[in-house]
Each structure stands twice: as C-alpha cells, then as structure tokens.
Amino acid sequence: MPSGQALTLRVSEIFASLQGESSRVGLPTVFVRLTGCLLRCVWCDTEYAYQGGENLDLETILDDVAAHALRYVCVTGGEPLAQAACPALLTALCDAGYSVSLETSGALDISGIDARVSRIVDLKAPGSGESDRNRYENFQFLNAQDEIKIVLSDEEDYLWAKQQLSSLRLTERCSVLLSPVIGQLDPARLAEWIVRDRLPVRFQLQLHKVLWKNARGR
C-alpha cells in the first residue's frame, strides 16, 4: 500500500446485537461483517455477504463501532481474513480498548492475528461441503482464549466430529463448541449424544436464530 493511502476494507454491515455464538453468547456486541468468502458451505446463512458492501476506511469503521457504545466487538463475515487489512482492523480495535473476537472459517492462516483477539475457528464437518478446506495447521496456534466451532448437520457429522476431538486432542488446546444446523439436526438429539458420550465440549444453539430467525443485522 503506498505511503499515505488510507487503509480500507469492504464492509457488508456494522450493527449491534446479542452475541449468538461462542462462550460470549448473550453479550451485547457490535458486529463488523466484512464482505467476501472463499467457501460455499451448504448451510451458510450469510450468503448476502459474499459480495456487495461498501469500502470504508479504518477510521470510519472505528467511528461506527464507537457510536454503538459497547465493550464487545466481533469481526465476522463472510470470511474476514479474506481481506488483507483484517488483521490491522483487529489490532486497531484492540488498541481502542475493545474486547475483540474473530469468527473465521478456519480455511486461512490465523497465526498473524493480534494475541489479544479471541479467535473462534470453524472446523468444517463433511455435511458443510467444505471439509477439505480445513487448515489443520491453525490448531497449533490456538490457546485457552480461543475456541473451535463445529456445526453439525446429522449423525454422520457428529461421529466425524467425535473422531476429530480424539485424534487431534482439540479440547486440550481450547474450548470446543458443537452446534446443530437449525432445521436439519434436532438440537435435543445432539444434546443427548454429547451427554451419552461424555464429550468435554460445549453444546450451543445460535441464539440469534432462536430470537430473530434469519433476520439480517441480528
């Protein structure tokens, strides 16, 4: 980037809502949704973020976030790391005093992310159609403040996830979250499997879908 040129990102939306996922679930949070994604998960609920949005400079984004007057900020997508300026945005948010989380598909390198950021990294199950895009090298960089999220569409996905937990010893690195695809896997069944198998994971429902279905900006 030439000297003096403003740092810009393609932003789909910035809004305040309750965090619907991760251990931060229920916390009032500002979401910065960046445009663009290299994956096409079959159950994706943010396809509108694949394209569109507007180019905003870093100062404008920080001003928009500050206007919501909340402590927690989540940078999401799409796939936020598909934009080269995303790490700089995360650092700027941390420098501004926010508690920052990043939601990423797990297909791109997370090693250069500011250590103050809580990284919520997807592990794509076969039912997503994108399990071959998992970047397993990322797991070596995870620590106790990070989380692995696995979304499951059926029992086959669950058995796959169970095998990954064992072979990769994921829960020794950080918390692991299992959640059902709404409308495909009965949440009660997933909860029963987790209890039956004594898995050391956190069951989660997407709170925003319980409250607002698939409403944009929620």
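Residues numbered from 1 in each chain as written. Predicted model: local features only at pLDDT ≥ 70, side-chain atom pairs only at ≥ 80, totals over all residues. Heavy atoms only, no water.

Q: Help me out: how do you make sense of a negative patch on the surface in this one?
A: A surface patch of negative charge is lined by Glu 54, Glu 59, Asp 63 and Asp 64. It is helix H1 (residues 58–67) that contributes the most residues to the negative patch, three residues altogether. With respect to the element layout, Asp 63 can be found in helix H1. For Asp 63, a relative accessible area of 48% corresponds to the partly exposed category. (Patch = residues over 30% accessible without salt bridge, like charges linked within 9 Å, V, L, I, M, F, W, Y side chains within 5 Å. Areas by Shrake-Rupley, 256 points an atom, 1.4 Å probe, with all protein chains shown as cover. Salt bridge = Lys/Arg side-chain N within 4 Å of Asp/Glu carboxyl O. Lys, Arg positive; Asp, Glu negative; His and termini not counted. Charge placed at Lys NZ, Arg CZ, Asp CG, Glu CD. Helix = DSSP H or I, 4+ residues; strand = E, 2+ residues; numbered from the N terminus. Buried < 20%, exposed > 50% of the residue type's maximum accessible area, 1.4 Å probe, protein only.)

Q: I would appreciate a short explanation of helix H4 (residues 187–196) in the present structure.
A: Each turn of an α-helix holds 3.6 residues, which means side chains three or four residues apart point in the same direction. For H4, the set of buried residues is Leu 190, Trp 193 and Ile 194. One side of H4 holds all its buried residues, which, seen down the axis, span an arc of 100°. Of the residues in H4, the exposed ones pointing more than 90 degrees away from the buried face are Glu 192 and Val 195. Buried-residue contacts for H4 involve strand E7 (147–152), helix H3 (155–168), strand E8 (175–180) and strand E9 (202–203). The opening residue of H4 is Asp 186, an N-cap whose side-chain oxygen sits 3.1 Å from the backbone nitrogen of Ala 188. Immediately downstream of H4, the backbone of Arg 198 shows phi near 55°, a positive value. (Arc of directions from axis to C-beta. Contact = heavy atoms within 4.5 Å. Polar contact = N/O pair within 3.5 Å; in protein donor to acceptor, adjacent residues only side chain to side chain.)

Q: Please clarify how unusual backbone geometry should be interpreted in this entry.
A: Along the chain, Gly 77 connects to Gly 78 via a cis peptide bond; the corresponding omega equals 15°. Position of Gly 78 among the secondary structure elements: in the loop between strand E4 (72–76) and helix H2 (86–95). With phi around 50°, Arg 169 is a residue other than glycine that occupies positive phi space. The residue Arg 169 is located in the loop between H3 and E8 in this model.

Q: Teacher, can you tell me more about the pairing of E7 here?
A: Side chains on a regular strand alternate between the two faces of the sheet. Counting buried residues in E7 gives six out of six residues, a clear majority hidden from the surface. By the alternation rule, side chains of E7 split into Glu 147, Lys 149 and Val 151 and Ile 148, Ile 150 and Leu 152, which are all buried. In the sheet, strand E6 (residues 118–122) pairs with E7 via three bridges, with the strands oriented parallel. Looking across to E7, one finds that Val 121 is bridged to Ile 148. Two strands pair when backbone bridges link them, and E7 and E8 are joined in this way by six bridges, in the parallel orientation. Within the sheet, the bridge partner assigned to Ile 150 lies in E8 and is Leu 178. (Pairing = 2+ DSSP bridges.)

Q: Honestly, the pattern of salt bridges in this entry has me stumped. Any pointers?
A: Where charged atoms of side chains with opposite charge meet at close range, the side chains can pair. According to the stated counting rule, one finds 11 salt bridges in the structure shown. A salt bridge links Glu 21 to Lys 149; the shortest N-O distance between them is 3.3 Å. You can see Glu 21 sitting in the loop between strand E1 (8–18) and strand E2 (28–34) and its partner Lys 149 sitting in strand E7, a full 128 residues away along the chain. With respect to burial, Glu 21 and Lys 149 carry one shared label: buried.

Q: Help me out: how do you make sense of the packing of aromatic side chains in this one?
A: In this description, an aromatic ring pair is defined by two values, namely the gap between the centres and the angle between the planes. By the definition in use, this model includes three aromatic pairs. Taking the centre distance of 5.8 Å and the plane angle of 70° together, the rings of Tyr 136 and Phe 139 count as edge-to-face. Judged by its relative accessible area of 35%, Tyr 136 is partly exposed. When its relative accessible area of 5% is taken as the criterion, Phe 139 is described as buried. Considering the side-chain rings of Tyr 158 and Trp 193, the 5.1 Å spacing of their centres and the 40° angle between planes classify their relative orientation as tilted. Of this pair, Tyr 158 sits in helix H3 while Trp 193 is found in helix H4, placing the two residues 35 residues apart along the sequence. (Phe/Tyr/Trp six-rings, centres within 6.5 Å; stacked < 30°, edge-to-face > 60°.)

Q: Honestly, H2 in this entry has me stumped. Any pointers?
A: Within H2, the full set of buried residues consists of Cys 86, Leu 89, Leu 90, Ala 92, Leu 93 and Cys 94. If you follow the buried residues of H2, they end up packed against E1, E2, H1, E4 and strand E5 (99–104). In the segment just after H2, Gly 97 is the residue with positive phi, at about 95°.

Q: Looking at this structure, how should I read the sheet that holds E9?
A: Working definition: the strands of a sheet are paired by backbone hydrogen bonds and lie parallel or antiparallel to each other. With mixed pairing, nine strands are arranged side by side in an open sheet as E3-E1-E2-E4-E5-E6-E7-E8-E9. Pairing within the sheet leaves two strands with one partner each, and these edge strands are strand E3 (54–57) and E9. Sheet analysis places E1 next to E2, joined by seven bridges and oriented antiparallel. For Ile 14, the partnering residue across the bridge sits in E2 and is Val 32. Each of E7, E8 and E9 is contacted by H4, which is oriented at about 145° to E8, the strand it contacts most. (Axes fitted to C-alpha atoms, helices over the stretch in contact; angles between N-to-C directions.)

Without other data, these values stay purely geometric and don't point to any function.
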